[in-house]
2 protein chains.
Amino acid sequence: MKISELSRRSGVSIPTIKYYLRDGLLPPGRATAANQADYGEEHLRRLRLVRTLVGVRRLPVGAVKEILGAVTEQDGDLHQIFGIVTDARPVTQQQKQARERERQEAGEETGGVTDARELVAAMGWEVHSGTAAIRSLGEVLDALSDMDSGIDWRSLLPYARLADRISELDVQQMEGVSGVLELAERAVLVSVLLEPALLAMRRLAQEDKSARLFGGGSEEGEEE
Amino acid sequence: MKISELSRRSGVSIPTIKYYLRDGLLPPGRATAANQADYGEEHLRRLRLVRTLVGVRRLPVGAVKEILGAVTEQDGDLHQIFGIVTDARPVTQQQKQARERERQEAGEETGGVTDARELVAAMGWEVHSGTAAIRSLGEVLDALSDMDSGIDWRSLLPYARLADRISELDVQQMEGVSGVLELAERAVLVSVLLEPALLAMRRLAQEDKSARLFGGGSEEGEEE
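Counting starts from 1 at the beginning of each chain's written sequence and moves along it residue by residue. All chains are assigned letters beginning with A, and all ligands numbers beginning with 1, in the order in which they are written. For a predicted model such as this one, the threshold for reporting local features is a pLDDT of at least 70, and the threshold for listing and counting side-chain atom pairs is 80 or more; totals across whole chains, interfaces and linings nevertheless cover every residue. Just so you know, side-chain values use all the structure's heavy atoms and leave hydrogens and water out.

**Student:** Got a minute to help me understand empty space enclosed by the protein in this structure?
**Tutor:** Leftover empty space is mapped by rolling, across the atoms, a probe with the size of a water molecule. A pocket here means an open set of points on a 1 Å grid, computed over the protein atoms alone, that has protein on both sides within 12 Å along at least five of seven lines. A cavity is instead a set of points where a 1.4 Å probe fits but cannot get out; residues with an atom within 4 Å of a point line either one. Grid points are joined across faces, edges and corners, and a volume is the space filled by probe spheres set on the points. Enumeration over the complete set of coordinates arrives at four cavities of 30 Å³ or more. Looking at the largest cavity, its volume works out to about 90 Å³. Elements that contribute at least two residues to the lining of the largest cavity include exactly helix H9 (157-172) and helix H10 (180-214) of chain A together with helix H9 (157-172) and helix H10 (180-214) of chain B. For the lining of the largest cavity, the residue count by class is eight nonpolar, no polar and two charged. By the criteria applied, helices consist of DSSP H or I runs no shorter than four residues and strands consist of E runs no shorter than two, each listed in order from the N terminus. Each residue is assigned to one class: nonpolar for Ala, Val, Leu, Ile, Met, Phe, Trp, Tyr, Cys and Pro, charged for Asp, Glu, Lys and Arg, and polar for all the others, Gly among them.

Given below as structure tokens:
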């Protein structure tokens, strides 16, 4: 296909495609004339993944390049690819070393991180010990404890069970998608782009529950 | 209690408490000597709510002041208070006008926002029509459609049902908490501070599901 069709089918503008070509994010097309090239389905798939990594994960072009390299190196190992595109797994040797250093510099883990590992063990989740989400969960548990909230990792278990069911829906979204690049794109869409949607739906449901439980109702009508 | 005890029990430093007193976020204590004052439990409750709004919702002091004013005006209407502290409901007249203007300037709603309303209706959620979460959900639905993801509001219904169950857990966290200021603080902790924890648990569960479904396993051992 011509670059104009590639642009139309990917939703990426021609100038941006040219920029990606110059930057090596896309391999060159097959030259058909002095100033024309032909692009294939593989270009389209790769371009869609680039678009999603830039637009949804908001990654700079350099990081996208590293991820693309890492994805193709994995030789179709979908678990590795899922981890790389969703940031559960470091892409480059430098990143691996940086995370390792971070962990060592932190010295003893905070109580929150230890508690996060307890929760992971209680749920029977098998995860990479350096996965970024353990630190995020640990930070929240530390904050909850600093604030004497009375909410600890055990109180989060019912939430963890619902998170587990959400992740089952997530992997179902991968069904029927074939090809490594498509799966990588889908994984980013589902795991990253759905995050604000999940939080928004929780807020909407909270508002509904709060109205039912606490609501007087009389003022509602006027404000609508 | 003396300011030192107020500091110890709230986890807020004495200089910060003095700053809040000067700024009117806390009412003055009862003067007991030239340079000493006595603070009560009400000061402690108010200070804890201020600390949570500043530390967890990352609000500037001016906004916290408006929220405190709005919360006390609600005369114990917990549904209104829940909406105000979690940002489902505009606090000031200016904010109300700004949101209204935003809505009008946007003219026709985007397809995503219309779809978000469909989802809300399908779930039977009763929410304020201008609630911020509808716009957030609409933005994600627009992006999913722009990207030809094939994921629309109907595909999100199973997620919405789990979000509904999460919100049931959320309101359960309010049980046993009495007093308007305590409830307001709890609402912020549960609805805002738990957000990154929920997303982190989903990521951990995803990693587990991805390992089970796609994982080869051989490489895992070496990397741990």
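**Student:** Help me understand helix H5 (residues 78-85) of chain A, please; the structure alone is not making it clear to me.
**Tutor:** Residue pairs three or four apart in sequence face the same way in an α-helix, which turns once every 3.6 residues. All names here are of chain A. Only protein chains enter the accessibility calculation, which uses a 1.4 Å probe; a residue whose area is less than 20% of its type maximum is buried, one above 50% is exposed, and one in between is partly exposed. In terms of residue burial, H5 counts as a mostly covered element, since seven of its eight residues are buried. For H5, the set of buried residues is His79, Gln80, Ile81, Phe82, Gly83, Ile84 and Val85. N or O atoms within 3.5 Å of each other form a polar contact, as long as, within protein, one can give a hydrogen and the other can take it, and as long as residues adjacent in sequence are counted only when both atoms are side-chain atoms. The distance from a side-chain oxygen at the start of H5 to the backbone nitrogen of His79 is 3.1 Å, and the residue carrying that oxygen is Asp77. Asp87 sits one or two positions beyond H5 and adopts a positive phi of about 75°.

**Student:** Explain the relation of the copies chain A and chain B to me, please; I cannot follow it from the model alone.
**Tutor:** Two chain copies here: they are related by a rotation about an axis and a translation along the same axis. Residues reaching a pLDDT of at least 70 in both copies supply the C-alpha atoms on which the copies are superposed by least squares. Placing chain A over chain B gives an RMSD of 0.0 Å and needs a rotation angle of 180°, together with 0.0 Å of translation along the axis. Seen this way, the second copy is the image of the first under a two-fold rotation axis. No C-alpha of chain A approaches the rotation axis more nearly than that of Leu162(A), which lies at 3.3 Å. A shared interface surface links the copies, since 100% of the contact residues of chain A are contact residues in chain B too. Contacts are assigned to residue pairs with any non-hydrogen atoms lying within 4.5 Å of each other.

**Student:** Help me understand helix H7 (residues 111-123) of chain A, please; the structure alone is not making it clear to me.
**Tutor:** With 13 residues, H7(A) ought to run about 18 Å at 1.5 Å a step, and its terminal C-alpha atoms sit 18 Å apart, in line with that. Along H7(A), the residues classified as buried are Gly112(A), Val113(A), Ala116(A), Leu119(A), Val120(A) and Met123(A). Buried residues of H7(A) fall within an arc of 110° about the axis and therefore sit on the same side. The secondary structure elements touched by the buried residues of H7(A) are helix H8 (132-146) and H9 of chain A together with H10 of chain B. Just past H7(A), the residue Gly124(A) takes up positive phi, approximately 70°. The span you would expect from a helix comes to 1.5 Å times its residue count less one. An arc is given here, and it is the one of the directions from the helix axis to the C-beta atoms.

**Student:** Any chance you could explain the pattern of salt bridges here in plain terms?
**Tutor:** If charged atoms from side chains of opposite charge come close, those side chains can pair. The term salt bridge refers to a pairing of a side-chain nitrogen on Lys or Arg with a carboxyl oxygen on Asp or Glu at a separation within 4 Å. Applying the stated criterion to the full structure yields 24 salt bridges over all chains. Between Glu195(A) and Arg203(B) there is a salt bridge; the shortest N-O distance is 3.0 Å. Pair noted here: Glu195(A) is in helix H10 and Arg203(B) is in helix H10, and the two residues belong to different chains. Through salt bridges that share partners, Asp164(A), Asp208(B), Lys209(B) and Arg212(B) make up one connected network.

**Student:** Is there a simple way to explain the interface of chain A and chain B in this structure?
**Tutor:** Where interface size is quoted, it is often the accessible area lost as the parts come together. On the chain B side, the residues contacting the 82 residues of chain A number 82 residues. Between Asp164(B) and Lys209(A) there is a salt bridge, with the nearest N and O atoms lying 2.8 Å from each other. At the junction of chain A and chain B, the tally comes to 32 residue pairs in polar contact (both at pLDDT 80 or more). Counting only elements with at least two residues in the side of chain A that touches chain B, the list comes to helix H3 (41-55), H5, H7, H8, H9, H10 and helix H11 (218-223) of chain A. Top contributing element to the side of chain A that touches chain B by residue count: H10(A), with 27 residues. Within the side of chain A that touches chain B, the residues separate by chemical class into 42 nonpolar, 16 polar and 24 charged.

**Student:** Looking at this structure, I do not really get the packing of H9(A) against H10(B). What am I missing?
**Tutor:** Helix-helix packing: each pair is described by the crossing angle between the helix axes and the interaxial distance. Close contact between H9(A) and H10(B) brings their axes to 8 Å; oriented N to C, the two are set at 50°. The angle between H9(A) and H10(B) places the two elements in the oblique class. Between H9(A) and H10(B) lies a crossing of right-handed hand. Contacts between H9(A) and H10(B) pair Tyr159(A), Ala160(A), Ala163(A), Asp164(A), Ile166(A), Ser167(A), Glu168(A), Asp170(A) and Val171(A) from the former with Val190(B), Leu194(B), Leu198(B), Met201(B), Arg202(B), Ala205(B), Gln206(B), Lys209(B) and Leu213(B) from the latter. The class makeup of the residues in the contact of H9(A) with H10(B) is 11 nonpolar, two polar and five charged. Axes here refer to lines fitted to C-alpha atoms; in helices the fit is confined to the stretch in contact. Angles between the N-to-C directions go from 0 to 180 degrees. Each angle is binned into one of four classes, with values under 35 degrees roughly parallel, values over 145 roughly antiparallel, values of 65 to 115 roughly perpendicular, and all other values oblique. Here is the rule for handedness: rotate from the far helix to the near one, and if that takes an anticlockwise turn smaller than a right angle the crossing is left-handed, while a clockwise turn gives right-handed.

**Student:** Please explain the pairing of strand S1 (residues 30-33) of chain B as it appears in this structure.
**Tutor:** Look at any regular strand and the pattern is simple: side chains alternate between the two faces of the sheet. Residue and element names in this part refer to chain B. Bridge count between S1 and strand S2 (residues 36-38): three bridges; the pairing is antiparallel. From the neighbouring strand, Arg30 faces S2, where its bridge partner is Asp38. Any two strands with at least two DSSP-identified bridges between them are counted as paired. Count of turn residues in the S1/S2 antiparallel hairpin: two residues.

**Student:** How do you make sense of the packing of H8(A) against H10(B) when you look at a structure like this?
**Tutor:** Here H8(A) crosses H10(B) at 150°, and the two axes come no closer than 8 Å. One element, H8(A), and the other, H10(B), form an angle in the roughly antiparallel class. Relative to H10(B), H8(A) is oriented so that their crossing is left-handed. Of the residues in H10(B), those in contact with Ala133(A), Ile134(A), Ser136(A), Leu137(A), Val140(A), Ala143(A) and Leu144(A) of H8(A) are Leu193(B), Leu194(B), Pro196(B), Ala197(B), Ala200(B), Met201(B), Arg203(B) and Leu204(B). Tallied by class, residues from the contact of H8(A) with H10(B) come to 13 nonpolar, one polar and one charged.

**Student:** Before we go on, may I ask you to explain the packing of aromatic side chains in this structure?
**Tutor:** Two measures describe an aromatic ring pair: the distance that separates the ring centres and the angle between the ring planes. All names here are of chain B. Aromatic contacts are taken between Phe, Tyr and Trp rings whose centres are within 6.5 Å, Trp giving its six-membered ring; a plane angle under 30 degrees counts as stacked, one over 60 as edge-to-face, and the others as tilted. Across all of its chains, the model carries two aromatic pairs over all chains by this definition. Arranged with centres 5.9 Å apart and planes meeting at 45°, the rings of Tyr19 and Tyr20 form a pair that is tilted. The exposure class of Tyr19 is partly exposed, given its relative accessible area of 36%.

Shape descriptors only; they carry no functional weight alone.
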